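Single-letter residue listing:
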Amino acid sequence: MESSGGDGQWTWRSAGAFNCRSSLMAPVATKANPLLTTIPWRRIKFRTICGGRISRAPPSSPAQSTTATDALVAGKKVLETFTEEFEIGKRKITMETGRIARFANGSVVLSMEETKVLSTVASAKSDGSRDFLPLTVDYQEKHFAQGMIPNTFMRREGAPKERELLCGRLIDRPIRPLFPPGFYHEVQVMATVLSSDGKHDPDVMAANAASAALMLSDVPWGGPIGVIRIGRIGGQLIVNPSMDELFLSDLNLVYACTKDKTLMIDFQSREISERDLEAALRFAHPEAVKYLEPQLRLAAKAGKQKRDYKLYTVSENTFEKIRSLSEGPIEAVFTDPTYGKFERGEALDNIGRDVKKTLEAEGDEEGLKVLSKTVDNVRKKVVRRRIIGEGIRVDGRRLDEVRPVYCEAGHLPVLHGSSIFSRGDTQVLCTVTLGAPGEAQVLDSLVGPSTKKFMLHYSFPPFCTNEVGKRVGLNRREVGHGTLAEKALLAVMPPEDDCPYTVRINSEVMASDGSTSMASVCAGSMALMDAGIPLREHVAGLSVGLISETDPATGEITDYRILTDILGLEDHLGDMDFKIAGTRNGVTAIQLDIKPAGIPLDIICESLEPARKGRIQILDHMEQEINVPRTQDGRNSPRILNLKYSNEAIRRLIGPLGALKRKIEEETGGRISVNDGSLTVVAKNQSVLDKVMEKIDFIVGREIEKGGVYKGIVTSIKEYGAFVEFNGGQQGLLHISELAHNPVSRVSDVVSVGQVLNLMCIGLDVRGNINLSLKATLPKTSTTLGQQTPKVWKPSSNPESEQENKDNQPAEAVESLASIVIRSAAECDEADKSSALNQPSKADAPLDAKKLKIGTELTAKVQQIRAHGLVLDCGSDIRGMYRFETGSGKKFVVGDKLRVKCTSFSGKGIPVMSLVQE
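Residues numbered from 1 in each chain as written. Predicted model: local features only at pLDDT ≥ 70, side-chain atom pairs only at ≥ 80, totals over all residues. Heavy atoms only, no water.

(A) Structural view of the overall build of the protein. Across its full length, the protein holds 23 helices and 42 strands. For the protein, with 918 residues in total, the buried portion stands at 43%. Long-range pairs, those at least 24 residues apart, make up 66% of the contacts in the protein with a sequence separation of at least 6. Entry remark: accessible area of the protein is about 48,800 Å², with carbon and sulfur atoms responsible for 52%. (Helix = DSSP H or I, 4+ residues; strand = E, 2+ residues; numbered from the N terminus. Buried < 20%, exposed > 50% of the residue type's maximum accessible area, 1.4 Å probe, protein only. Contact = heavy atoms within 4.5 Å. Areas by Shrake-Rupley, 256 points an atom, 1.4 Å probe, with all protein chains shown as cover.)

Right, dumping it as structure tokens:
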């Protein structure tokens, strides 16, 4: 490739014009890859690829080679390129056309540093005989843009990923309103990332390149548009921030506009106030407008003449005829607020059928072709005229009134978290599932983080609108609505230290009549609190609409009304769907979609206050249902535990190719994640966690503590005792004197090789060997393993005399009684009431750990203060625990003496205490 010397022109020479002995090739040979130079290319004269095999062509004579070379004639191809360079936000941006994709109707390569994006436009040559605009926007990130090969079986890119669908929607939303009414020819916009340095997100670049490509094409379009990204760090707004700057930014605003009107807003932040949001929008508009002039200059130099396309419009006579037949009945339906969604829809369908019968009777073929579109226009005019003239909406509400709200948290108690949220006829069921950190979603994109631990998956089944449909693959609408709700809730999620789970929310739309994505935000917030996730506060959202009147001559808005919490019908017949989600403190997410060719920014900013008032009303209802995260003490609450082990211990636990780890997960139902020398265990409840820890302790082991109970296997039996393997391969001695409370003559009478035992560590001998005890884990009434003295129930006719006899008898005589007395239920109840187990006993004297029982009262000293409770020193080397009570608000200091009562024992035998009210 050679430069022709002129600006924007390049000369291409065919490969045959170069001779392999030419000096021009010498520099290239010196820069060859050293790996490739070792391959004996000369021995393979010609290669054909067929079924993965390489075949050799027969050698040719030198004469034949010379003849073939002489037959080649050098050729030239001149590519006329046009370039525009400009600077926005201290970053140089280049637009180029003419170099590649020259057959496309319009093509532009937009560059920012080392990131390049190609956007192309193609229009079908059909006559466009349909009643809608078939616009398709595709965005693709291929791995070659970062010098990588896809990690798939076929080593090819597969179906569009979620990010690609979202970027396609980001391009589609601002360009769609600018196509002229009645233009129904098929148009396809394709954006492909050619190279990426990982510093800049290509989505905004692709949108601007698509606008430039449409300007170059012959497709009628009312552009150009400018799309800008704004961030904020330390209160300072930043234009076109890099990915590193976005990581530090507390807002991510994508703003699209024409010269004087707003087209699209996509926004995420960490609770920004409406005042700061308005300032960011007004800052973004003039920055986005800077993209317009370069596109106009490029189109003036290289753009095509706009072709005459047939625009399908309804004739005035036909429109008036259908309007006269349908306007009265339609107005009667819309003025009756008793109609529900489906009753109203059925009544409108009946009106359409009646008009159709009339047109069929008159033989009006033209009216029948445009009937559906025209009746819909009549509906729009009736609704808009009534809202603007009378200020009354379809369902009889005021313009700023929110529909009735219903909230229910914990609807499915067996799940980690669940909720139902209804606003009017819109109803959403949200569920929360908590998983291990290793279950985070792996993201395969050119920019951004590699994993995602918080996910919201939105589902819109056909039955929610009483329709029949097929569920196939990822749906652009579902992905977009789910991502919007996910952004809204992400702002209040706790840091990873307080919430190490991978969190997945499923939003199932049960009924739809407008703003299901905002209902998903409300239901998801309540479900997270029901799951025990410590949210900072609730997030709610609603959609604000717009009904406007415009001047037919200028297209300027002459009158308008802002609607709070719009219905699905108001969304369809209105001008704007402005979804706003946030907390009481500020906004967390926004998505603005419009139908006309732009809305003034002043109206957008005016809509923020009605949205805030409506959001506060919804938050009041949500906080009445659940206002603090639930405690995770229930039987179905998930458990997560972080452990630290050596690399050798983790290798033992994982096993060859992870086989041992998978076996533990299959047998217990828990999940184990390994990361940077730490082990994370996630279980659906405490029972599962205990099973997992039991197996981990047996394989890896834990720190040996005196008094700790461990599970071990008898490996050998000697005359003086048994050797036991426990705690990840450690050996301990179970002496014959520690087998049972009663004397044992032979060790084999009590234990056998291979038997699994629960043993207590009682200390170390002089040689450092671990001494274990079996009798310390058995009740004192036990004589041998598996044998216990029968429990004796004595008559309770005269309790006082029986107690005297018991006190006078030796312990051996009491235990030797073998008679069993069956008592009536009344006698059992009376005995329970007088039982010492249910009566608190005073234990101010030196306490024996073996005599501590439920109901024992004692004075303990605060030894440690932890996040969820206290560690108490009960005396005699006994440690107890006290869990903080919700809402107690009592402050504790190390060294305080508390009067406590033993209420239970933990799974490790630690006494659990409660405060005694003095």
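(B) Quick look at the sheet that holds strand 17 (residues 417-423). One open sheet accounts for 5 strands, arranged 16-17-18-22-21; its pairing is mixed. Two strands close off the open sheet at either side, each with one partner strand: strand 16 (405-409) and strand 21 (454-459). The mean angle between the axes of side-by-side strands here comes to 15°, regardless of whether they run parallel or antiparallel. Summarising the sheet, strand 18 (residues 426-435) and strand 22 (residues 502-511) pair through 9 bridges and their orientation is antiparallel. (Pairing = 2+ DSSP bridges. Axes fitted to C-alpha atoms, helices over the stretch in contact; angles between N-to-C directions.)

(C) Local environment of helix 13 (residues 476-490). Between its first and last C-alpha, helix 13 extends 21 Å over 15 residues, near the 21 Å set by a 1.5 Å rise per residue. Counting buried residues in helix 13 gives 11 out of 15 residues, a clear majority hidden from the surface. Burial in helix 13 covers these residues: E478, V479, G480, H481, G482, T483, L484, A485, E486, A488 and L489. Measuring from the backbone nitrogen of R477 back to the side-chain oxygen at the start of helix 13 gives 2.8 Å, which picks out N475 as the cap. (Expected span 1.5 Å × (residues − 1). Polar contact = N/O pair within 3.5 Å; in protein donor to acceptor, adjacent residues only side chain to side chain.)

(D) Layout of the nonpolar core. L253, Y255, F421, V503, L528 and I533 are the most contacted members of the largest nonpolar core, which totals 127 residues. With 11 residues, helix 5 (residues 202-216) is the largest single contributor of residues to this core. If sequence neighbours within four positions are ignored, V503 has contacts with V432, T433, L434, K453, F454, M455, M493, L528 and I533. The next biggest cluster of nonpolar side chains, apart from the first, holds 25 residues, and it includes I330, L371, I388 and V394. (Core = buried A, V, L, I, M, F, W, Y, C linked by side-chain atoms within 4.5 Å.)

(E) Up close: a negative patch on the surface. On the surface, E343, E346, D349 and D425 cluster together to form a negatively charged patch. Within the secondary structure, E343 is located in helix 10 (residues 341-362). On the basis of relative accessible area, E343 is assigned to the partly exposed category, the value being 47%. (Patch = residues over 30% accessible without salt bridge, like charges linked within 9 Å, V, L, I, M, F, W, Y side chains within 5 Å. Salt bridge = Lys/Arg side-chain N within 4 Å of Asp/Glu carboxyl O. Lys, Arg positive; Asp, Glu negative; His and termini not counted. Charge placed at Lys NZ, Arg CZ, Asp CG, Glu CD.)

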